[in-house]
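Now for the letters of each chain:
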Protein chains: 2
Amino acid sequence: MVETVQGARDGDAGRTGTTQGRTGDGRAGAQVGRMSQRRSGRPTLADVAALAGVGAITVSRALRRPDQVSPATRERIAQAVAELNYIPDPQARILASGRSDVIGVILPSLTNNVYADVLQGIYDGVAGTGFQIQIGNTRYDPEEEARLAPLFASQRPAAMLLTGIDQTPATRALLESAGFPIVQIMEKGDDPIDMIIGFSHFDAAQAAIRHLLGRGYRRIGVLGARMDPRLMRRQEGWRAALSEAGLPLREAISPEPSSATMGRALASRLMDAEPGLDALFCANDDLALGALFECQARGIAVPRDFGIVGFNDLEMMAAAVPSITSVQTRRYRMGRLGIEMLVERIAGRRPAEPNVDLGFELIERESTRRG
Amino acid sequence: MVETVQGARDGDAGRTGTTQGRTGDGRAGAQVGRMSQRRSGRPTLADVAALAGVGAITVSRALRRPDQVSPATRERIAQAVAELNYIPDPQARILASGRSDVIGVILPSLTNNVYADVLQGIYDGVAGTGFQIQIGNTRYDPEEEARLAPLFASQRPAAMLLTGIDQTPATRALLESAGFPIVQIMEKGDDPIDMIIGFSHFDAAQAAIRHLLGRGYRRIGVLGARMDPRLMRRQEGWRAALSEAGLPLREAISPEPSSATMGRALASRLMDAEPGLDALFCANDDLALGALFECQARGIAVPRDFGIVGFNDLEMMAAAVPSITSVQTRRYRMGRLGIEMLVERIAGRRPAEPNVDLGFELIERESTRRG
DNA sequence: TGACGCTATGATAGCGCTGTCATGATGTCA
DNA sequence: TGACATCATGACAGCGCTATCATAGCGTCA
């Protein structure tokens, strides 16, 4: 492949006679003070056109709308493209067309397993579509989101994918009039900017508490970390479920990121503060894993004397001993479907349903299966 | 923020008198059949220049090299920029300058915790530098890497960051003559394309085995999954260490991705096949977690009757009961330092050392602390 | 005082591509 | 056969910005 690229350069230089010397300087000078910035040293549309003996536009068309070019011409152009190893310049294309093939994605985290799965879905969603992904990481900071969104929007993306529904009013207004499709993921909402795919965190947390109640646990505590908007809504859910059952609120919350170590620490704190605690709903799975380890360290029998429910159903929940009950969320699906809906819209089609509730499912495992 | 954007549009249209109508059309038609693709509806350099009463070039300079513009002019331009809420068009900038602010990053996975940490380091590394990150995901497929690398290279990135040292000869040759700085991470190597930051997987795996030997474990097995090039080199390391100690090779390897569930399955398989096994080196931490769970399920006492060593020192290793000994690798650092070195090179400076061995550290914990 | 260098600014010509409109060639139907 | 539609192709202008070179203004020094 390389050989052909370099061959192309030679061909280019030899043909036009204007690239002499640039090819050589291409590498060394690029870093410091190159002689001339003009021309990139790569074959251009015009080079392909000259070689194929047609106009530049025809090449452009042959590449983008082959049906508008006669088969014979198309074939000659294809040969020229192959010979020069021509690759279109995306920047020039964007500038000229006013359209880009970049889909902007704004996520609150890259390290959190939850978003790793979303990200995988996103990349799988664009695979083969020709769209590129540009990722922004807000680190759970609303101000960072408010800064990134206009920045991304200014780059004329083909579409944008956002996390959650808590954009600032200013950001929201900007995006509503942005002129490209937008999808919000990870939450359910009645009033999306454009399209939305998610589930109810309130309902999911409520379901977790009700499951513990159904299993006969009564002195239920809750662990939470890094209370982003999704966590806040889960909190409303577990509080509602506990209050509905007439049970007191026993929470240990940390603003720090969720982790197994944090789970152990919070579980330890709550167990010490609330003797007789017999179950924990952990608003993230890594907290649940930590809680399980804390029980093991204290010699507490799970599930006989203590129930544990996690959230998100990460892979390791099933492998744990005992395996841990968790609320399964469709993270990969949200990323993938989000991109698919955007691509549909970019193509000018209306999605069947712009507001999708993917729901959740409580996966019952050994950690709450007592008696 | 939005208010100012929209205010700027009004101001723009009102002031120059040339944008009338564009402002209006900018939005509605954008999705389907816009009337005219020309002009984006956003203020341009020329608009700012007209408002400030200077030439377009002066505005361009004021933005990029403020020192070359007189303070008075600079101030007028700054006001015009603020009033119009002007944001430069990166595509046009790239096209005109032949330089881009995109750093291409090619990783084998986005979901693997290892690369999530690398990614975080990468994003932290570019924060505040003005560079953008473009991520490619090869899914551990060398062919996908061979496809992505030229594609990325063709987009005139400012630099590229690659994973590992196993690029195809063609890819390597292409990148060697690409003319932008390149860093390879995750591995140690004598012959980098340009710069390299990593550690010896061979040495690290060898150290893990030697640690088990030092703790008195003798019937040592090894678990591995998804044998990418890094895993292969670890494999050479553990094989060398075992052979050096005159011990037989007891491996359970899967081509599937590493996971806790996979760890349980492989541990189970090897324990059944090799009765009397007394330790496992798990070439990934999630395998180690699964191995620990399998021991718990079988009632095997760790570390007394069975030692476990993991690899990468993920956060949960410290929280596990017993806590799990693991080989710490500097994943975040590799991502971050990689970007920092690239940025240095883009700025024309030579890094102190283009070949960095970040090493590794065996973190001894309870899972191998017996007697 | 005039040659010289320096600073601040501008005019011009692109970067590589696509939208628009024009043109010639071909096919179709009455 | 001629009016008209259709198809394939091209010329031209321009997307928003920057590199290059030119120029005016100013201070400096012999």
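Here we summarise the structure given alongside this text. (Residues numbered from 1 in each chain as written. Chains lettered and ligands numbered in written order. Predicted model: local features only at pLDDT ≥ 70, side-chain atom pairs only at ≥ 80, totals over all residues. Heavy atoms only, no water.)

Here we come to the side chain of T368 of chain A. Residues and elements named next belong to chain A. Counting through the fold element by element, T368 comes out in the segment after β12 (360-363). A distance of 2.8 Å separates polar atoms of two side chains, one belonging to T368 and the other to H211. Beyond its immediate stretch of four places on either side in the chain, T368 contacts H211, L212, R215, Y217, P303, G307, I308, V309 and T325. (Helix = DSSP H or I, 4+ residues; strand = E, 2+ residues; numbered from the N terminus. Polar contact = N/O pair within 3.5 Å; in protein donor to acceptor, adjacent residues only side chain to side chain. Contact = heavy atoms within 4.5 Å.)

Residues and elements named next belong to chain B. Tallied over the entire structure, the rule returns 46 salt bridges over all chains. A salt bridge links R264 to E294; its shortest N-O distance comes to 3.0 Å. Note that R264 is positioned in helix α12 (residues 260-273) and E294 in helix α13 (residues 285-298), a separation of 30 residues in sequence. On the basis of relative accessible area, E294 is assigned to the buried category, the value being 8%. Residue R330 pairs with E361 through a salt bridge whose shortest N-O separation is 3.8 Å. Of this pair, R330 sits in the loop between β10 (325-329) and α15 (331-346) while E361 is found in strand β12 (residues 360-363), placing the two residues 31 residues apart along the sequence. Judged by relative accessible area, which is 28%, R330 ranks as partly exposed. (Salt bridge = Lys/Arg side-chain N within 4 Å of Asp/Glu carboxyl O. Buried < 20%, exposed > 50% of the residue type's maximum accessible area, 1.4 Å probe, protein only.)

Residue and element names in this part refer to chain A. Following the criterion strictly, the structure yields seven aromatic pairs over all chains and no others. Ring centres 6.0 Å apart and planes at 75 degrees place the aromatic pair W238 and F281 in the edge-to-face group. Of this pair, W238 sits in helix α12 (residues 229-244) while F281 is found in strand β8 (residues 279-282), placing the two residues 43 residues apart along the sequence. The pair formed by W238 and F281 is uniform in burial state, with each residue classed as buried. Through pairs of rings, three or more aromatic residues link up here, namely F199, W238, F281 and F311. It is R234 that lies over the ring of F311; its NZ or CZ is 3.9 Å from the centre. (Phe/Tyr/Trp six-rings, centres within 6.5 Å; stacked < 30°, edge-to-face > 60°. Lys NZ or Arg CZ within 6 Å of the ring centre and 35° of its normal.)

This part covers the side chain of R172 of chain A. Residue and element names in this part refer to chain A. Inspection of the secondary structure assignment puts R172 in helix α10 (residues 169-176). Among the residues examined, R172 registers a relative accessible area of 17% and is labelled buried. Ignoring sequence-local partners within four residues, the contact set of R172 consists of Q167, D191, P192 and I193.

All names here are of chain A. Across the sheet, which stays open at both edges, the six strands sit in the order β2-β1-β3-β4-β5-β11 with parallel pairing between neighbours. The open sheet has two edge strands, β2 (132-137) and β11 (355-357), and neither has a second partner. Averaged over all neighbouring strand pairs, the angle between strand axes comes to 15 degrees, with direction disregarded. By the bridge criterion, six bridges tie strand β1 (residues 102-107) to β2 in an arrangement that is parallel. Pairing of G104 across the sheet is with Q134, part of β2. (Pairing = 2+ DSSP bridges. Axes fitted to C-alpha atoms, helices over the stretch in contact; angles between N-to-C directions.)

Let's shift gears to the relation of the copies chain A and chain B. When chain A is fitted to chain B, the residual RMSD is 0.1 Å, and the transformation amounts to a turn of 180 degrees plus an axial shift of 0.0 Å. Here the two chains are linked by the operation of a two-fold rotation axis. When each C-alpha of chain A is compared by its distance to the rotation axis, Q91 of chain A comes out closest, at 2.6 Å. (Least-squares fit on C-alpha atoms with pLDDT ≥ 70 in both.)

Turning to the pairing of β10 of chain B, a few remarks are in order. Each regular strand displays side chains that alternate between the two surfaces of the sheet. Residues and elements named next belong to chain B. Burial runs high along β10: four of the five residues are buried. The pairing of strand β9 (residues 307-312) with β10 spans four bridges and is classified as parallel. Looking at the pairing, V309 lines up with T325 of β10. Two elements, β10 and β12, share four bridges in a ladder whose sense is antiparallel. When the sheet's bridge partners are listed, Q328 is paired in β12 with E361.

As a measure of interface size, the accessible area lost when the parts come together is often cited. Opposite the 69 residues of chain A that make contact, chain B presents 70 residues. The junction of chain A with chain B conceals about 6100 Å² of combined surface from both sides, 51% of it contributed by carbon and sulfur atoms. Across the contact surface, chain A and chain B share two salt bridges. Here R139 of chain A ties to D124 of chain B by a salt bridge, and the two come within 1.5 Å at their closest N and O atoms. (Buried area = accessible area lost by both parts, 1.4 Å probe.)

The next thing to look at is the packing of helix α9 (residues 142-154) of chain A against α10 of chain A. Two quantities define a packed helix pair, namely the angle between the axes and the distance from one axis to the other. Residues and elements named next belong to chain A. Axis separation between α9 and α10 bottoms out at 9 Å; the angle between their running directions is 15 degrees. It follows from the interaxial angle that α9 and α10 lie roughly parallel. The hand of the α9/α10 crossing is left-handed. On α10, the residues touching A146, A149, P150 and A153 of α9 are T171, L174 and L175. (Parallel < 35°, antiparallel > 145°, perpendicular 65-115°, else oblique. Left-handed = near helix turned anticlockwise from the far one by under 90°.)

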